[in-house]
Amino acid sequence: RATVIVAIDGPSGTGKSSTSKAVAAQLGLSYLDTGAQYRAITWWMVSNGIDIEDPSAIAAVAGKPEIVSGTDPSGPTITVDGTDVAGPIRTQEVTSKVSAVSAVPEVRARITELQRSIASGAENGIVVEGRDIGTTVLPDADLKIFLTASPEARAARRSGELKGSDVQATREALLKRDAADSSRKTSPLAKADDAVEVDTSDLTLQQVIECVVTLVEEKR
Ligand code: C5P
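Residues numbered from 1 in each chain as written. Predicted model: local features only at pLDDT ≥ 70, side-chain atom pairs only at ≥ 80, totals over all residues.

- The name given to the protein in an unreviewed UniProt entry is Cytidylate kinase, with the source organism recorded as Streptomyces akebiae.
- Taken directly from UniProt, the Subcellular location (unreviewed entry) text for the protein runs: "Cytoplasm".
- Checking UniProt for the protein, the heading Sequence similarities (unreviewed entry) contains the comment "Belongs to the cytidylate kinase family. Type 1 subfamily." (UniProt positions renumbered as here; feature names shortened; annotations may be inferred.)

### Thoughts on the overall build of the protein
- Each helix and strand in the protein was counted, giving nine helices and eight strands.
- Relative to the 2.2 N^0.38 estimate, which gives 17 Å for 220 residues, the radius of gyration of the protein is 17 Å and therefore close to what a compact globule would have.
- The principal-axis extent of the C-alpha atoms belonging to the protein is close to 50 × 40 × 30 Å.
- Look at the contacts in the protein between residues 6 or more apart in sequence, and 76% of them connect residues 24 or more apart. (Helix = DSSP H or I, 4+ residues; strand = E, 2+ residues; numbered from the N terminus. Rg over C-alpha atoms; globule rule 2.2 N^0.38 Å. Contact = placed C-beta atoms within 7 Å.)

### So, the sheet that holds strand β7 (residues 143-148)
- The parallel open sheet is built from five strands, whose spatial order is β2-β6-β1-β7-β8. Each edge of the sheet is formed by a strand with only one pairing partner; in this case those strands are β2 (30-33) and β8 (196-199). Each adjacent strand pair in this sheet contributes to an overall mean axis angle of 20 degrees, direction not counted.
- Both strand β1 (residues 4-9) and β7 contribute to a ladder of four bridges, which runs parallel. In the sheet register, Val 6 faces β7, and the bridge partner there is Leu 143. (Pairing = 2+ DSSP bridges. Axes fitted to C-alpha atoms, helices over the stretch in contact; angles between N-to-C directions.)

### Side note on the UniProt feature "binding site: ATP" (unreviewed entry) in the protein
- The feature "binding site: ATP" (unreviewed entry), as given by UniProt, occupies Gly 10, Pro 11, Ser 12, Gly 13, Thr 14, Gly 15, Lys 16, Ser 17 and Ser 18 in the numbering adopted here.
- In this structure, Thr 14 sits in the loop between β1 and α1 (16-27).
- Taking the C-beta count within 10 Å as the criterion, Thr 14 has 24 such neighbours and is therefore assigned buried.
- Once residues within four sequence positions are removed from consideration, Thr 14 is found in contact with Leu 147, Thr 148, Ala 149, Arg 154 and Thr 200.
- Dropping the residues within four chain positions of it, Ser 17 is found in contact with Asp 33 and Glu 129. (Buried ≥ 20, exposed ≤ 12 C-beta atoms within 10 Å, placed from the backbone.)

### Thoughts on the packing of helix α2 (residues 34-47) against helix α5 (residues 105-121)
- Interhelical geometry of α2 versus α5 gives an angle of 135 degrees and a closest axis separation of 11 Å. As far as their axial angle goes, α5 and α2 are oblique. Classified by chirality, the crossing of α5 by α2 is right-handed. Note on element contacts: α5 touches α2 through Val 107, Ile 111, Leu 114 and Gln 115, opposite Thr 34, Gln 37, Tyr 38 and Ile 41. (Parallel < 35°, antiparallel > 145°, perpendicular 65-115°, else oblique. Left-handed = near helix turned anticlockwise from the far one by under 90°.)

Here it is as structure tokens:
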């Protein structure tokens, strides 16, 4: 079959984004960062003064923002109502609020529909990264990968990305977000039964990329 759909899930700091982008670029596939979409809708909620503590307030406006994702792995883009939000969605404020917004079922239904339509429109196939791609969004994906890493390795990678940040504080914020994502009712962070688990703690990024590329090639 010509097109291939790859689902890459796992908690934060396991190398999902770097791996997914590189695999897609290497194999000529599209790339979708679903975390960026949840961040984008969270950014819109914050910008519009929606009370993040109130799931019914979030649900009531979940259909309002128009989120558009560009799926070129060499330069993925994200806009909300035409505004480029690639920078603003990475702030600490959005990061600390995204788990609450993405736990709201109406938000998930909306974003899941968008993700399925992007995946079905990707002519050469696509690498989709997130938390519930293999379990919920694309249960028929050709290949499902679940990336893991020790909390130490994940915190060290994240603090390396956020220059000058404190490893201990980063570790706590990251574990808190994963606990929230794993315990929510609607499509929590979970490994699909048929996913291949890859522990990246002692692997370089290059090794993880090679491992996933090999697995995709076996499916093509
Ligand atoms: O991957 P990233 O760290 O950017 O994801 C941000 C947040 O978006 C996650 O912590 C989670 O709350 C939410 N998310 C989700 N489902 C996905 C992808 C991300 O709930 N498929």
